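Secondary and tertiary structure notes
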Amino acid sequence: MTNNDSPRILIPIDPHGISRETLETLVRIARQMNRGLLGLLLDDIRLQQAAALPFTTEITFSGTRERSLLRDHLSQRTSRVTLDTRHTLLGLAELNRVDLKFEEAPGLRLHTVLERDGHLDVFFPSRRRWHLLAPGPARGRAAIRRLGLLLGCGPDTARVVDAARLLIDADLVDESYVLAEGNLPPEQLAALSHPGHRLRIQCGARCDAAAITGLIQQSPYDLLLLPRSALQQIPTETLDAILDKSGSQVLVVN
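Remarks on the nonpolar core
Ranked by internal contacts, the top residues of the largest apolar core, which has 41 residues, are Ile9, Ile29, Leu37, Leu89, Leu149, Leu223 and Leu225. In this structure, Leu215, Tyr221, Ile234 and Leu243 belong to the second largest nonpolar core, which totals 30 residues.

Right, here's the structure in full:
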């Protein structure tokens, strides 16, 4: 089990909820990378503001006392979703011997997470969408069918390669797609090569804000590995919006 002083992967937990399958993948990633987990319990300020609007209240028949139906409903749902996620993550972490702790923080998930102190990797789960949850073909043993990683867009490229190598060597990945700004150095190619693992390389990737924004929003991968430096040029509000629309899990390597 990782100890309390080991590096951690931070996962924001908000009222939208996280599927058990996603949490299972996260715990397996943390175990293989020898990381602890930090669950950051968030209240979505946007939901709180919506619940405070005048049209969310009603007048009861027993007197003229106003009662906020939406605020009560959101509060109950937030508590239920957060407790369910926390309980599931606790059980998975204990089963896999991964150190886990929780903290509470109000705010938008991205604003709160990326402005924290400390060199934490950050795992952003994709939003759960009911129309994408129809049963599909059975998955193989790999937790991550398609791994995408962006290389050459900052000084922390080596950290992204190290993270990908650990997952590939543990047979957690079926196939990897490397998006490289330039030619892939031989040592990085060797690090990502593994018997039976399919590795696809695309050189000439762009590292400007528009390209990275499009990559996150339209990501075809199950997990996308990005260096933290690649996000610095993108406004936080824009990142919030594209992460809400992305169907991919995103691991920001710090």
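Some points on unusual backbone geometry
With glycine set apart, most residues show a phi of negative sign, and most peptide bonds adopt trans. The phi torsion at asparagine 34 lies on the positive side, around 55 degrees, for a residue other than glycine. With respect to the secondary-structure elements, asparagine 34 resides in the loop between helix H1 (20–32) and strand E2 (36–43). Even without a glycine there, the phi angle at arginine 97 is positive, about 55 degrees. Inspection of the secondary structure puts arginine 97 in the loop between helix H3 (69–95) and strand E5 (100–106).

A closer look at the pattern of salt bridges
Summed over the entire model, instances satisfying the criterion amount to ten salt bridges. A salt bridge links glutamate 175 to arginine 200, with the shortest nitrogen-to-oxygen separation between them at 3.6 Å. Note that glutamate 175 is positioned in strand E8 (residues 173–180) and arginine 200 in strand E9 (residues 198–203), a separation of 25 residues in sequence. Look at glutamate 175 and you get buried, because its relative accessible area is 12%. With a shortest N-O distance of 2.9 Å, aspartate 208 and arginine 206 are connected by a salt bridge. Overall, aspartate 208 belongs to the partly exposed group, its relative accessible area being 28%. Assessed through its relative accessible area of 53%, arginine 206 is described here as exposed.

Cut-off values and rules
Residues numbered from 1 in each chain as written. Predicted model: local features only at pLDDT ≥ 70, side-chain atom pairs only at ≥ 80, totals over all residues. Heavy atoms only, no water. Core = buried A, V, L, I, M, F, W, Y, C linked by side-chain atoms within 4.5 Å. Buried < 20%, exposed > 50% of the residue type's maximum accessible area, 1.4 Å probe, protein only. Helix = DSSP H or I, 4+ residues; strand = E, 2+ residues; numbered from the N terminus. Salt bridge = Lys/Arg side-chain N within 4 Å of Asp/Glu carboxyl O.

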